[in-house]
Amino acid sequence: MMEKMRYLLSLFIYALKRDSKISINTLFRYVYIYSASCDYLDNSEEKENEIIIDKNIGIADYSTLFEALQRLNESEMVTMIDSANIIGTDKIYNFVESLVNQERVKNDLNRITYFVGVISNYSEDVILSIFYNEPNVVEAANRNESVVNLKNNKFYELLTEFEKVANEECGKNLDRYDVFTTWLDYVFEKYVEGKVKNE
């Protein structure tokens, strides 16, 4: 699990804009949303077991993700700017580039780069809203639990049901990324609507 998280973080940091400051919480939320949506987007059989959440900030600092980030920092692949932000070093970019000729790494990086391209169009506030509206997180919060279990992935069920309705009832034939981005847009609209009501 630890090696997988270090691998995922490396690819995400590589896919994000080089030489730019990266919010640790936003990075972790990207990785979580990707992990939760991955078995839907890629028909992956490989599922995460559990991810620890904190009700106030999202992914908890004591999670495997944070430990994986610490290891990247210790190996000088990232630099901690402060307690909330990092920047990727040349070492992490060179590391990913040395692996990219492997078919699996190339495919993973292409998927993550595309995913980052889609999700990074949203502000950090919207990403936070998306995170807290993700069905597995909602279920954990409703049960007052600090662990999200992705074995029975509610997000997969929601996206599959949405795809079915779009394809059958509305005469659409959406690909899976269209379904995913439509859900993101729906949450974004609800977030904006909520902000307008509160102003």
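Residues numbered from 1 in each chain as written. Predicted model: local features only at pLDDT ≥ 70, side-chain atom pairs only at ≥ 80, totals over all residues. Heavy atoms only, no water.

Undergrad: What is the right way to look at the side chain of Glu134 in this model?
TA: In this structure, Glu134 sits in the loop between helix H6 (124-133) and helix H7 (135-142). One buried charged residue, Glu134, remains without a salt bridge, the closest side chain of opposite sign being Lys154 at 10 Å. Side-chain polar atoms of Glu134 contact the side chain of Tyr32, separated by 2.6 Å. Not counting residues within four places of it along the chain, the set of residues in contact with Glu134 comprises Tyr32, Ala36, Asn153, Phe155 and Trp183. (Helix = DSSP H or I, 4+ residues; strand = E, 2+ residues; numbered from the N terminus. Buried < 20%, exposed > 50% of the residue type's maximum accessible area, 1.4 Å probe, protein only. Lys, Arg positive; Asp, Glu negative; His and termini not counted. Salt bridge = Lys/Arg side-chain N within 4 Å of Asp/Glu carboxyl O. Polar contact = N/O pair within 3.5 Å; in protein donor to acceptor, adjacent residues only side chain to side chain. Contact = heavy atoms within 4.5 Å.)

Undergrad: What exactly am I supposed to notice about the pattern of salt bridges here?
TA: If the charged atoms of two oppositely charged side chains come close together, the side chains can form a pair. The full count for this structure, using the stated rule, is six salt bridges. The partner of Arg6 in a salt bridge is Glu3, with the nearest N and O atoms 3.0 Å apart. Here the residue Arg6 and the residue Glu3 both occupy positions in helix H1 (residues 2-15), the gap between them amounting to three residues, near one helical turn. Overall, the relative accessible area of 22% leaves Arg6 in the partly exposed class. Arg71 serves as the salt-bridge partner of Glu67, at 3.3 Å between the closest nitrogen and oxygen. With Glu67 and Arg71 both in helix H3 (residues 64-74), this residue pair falls four residues apart, about one helical turn. The class for Glu67 is partly exposed, based on a relative accessible area of 39%.

Undergrad: Help me out: how do you make sense of the packing of aromatic side chains in this one?
TA: Each aromatic ring pair is summarised here by two numbers: the centre-to-centre distance and the angle between the ring planes. A full pass over the atoms with the stated rule returns eleven aromatic pairs. On the numbers, 6.1 Å between centres and 85 degrees between planes, the contact of Phe12 with Phe115 is edge-to-face. Here Phe12, found in helix H1, pairs with Phe115, found in helix H5 (residues 103-119); they are 103 residues apart in sequence, far enough to count as distant. Note on Phe12: relative accessible area 0%, which makes it buried. Above the face of the Tyr40 ring, Arg176 is positioned so that its terminal group lies 4.4 Å from the ring centre. (Phe/Tyr/Trp six-rings, centres within 6.5 Å; stacked < 30°, edge-to-face > 60°. Lys NZ or Arg CZ within 6 Å of the ring centre and 35° of its normal.)

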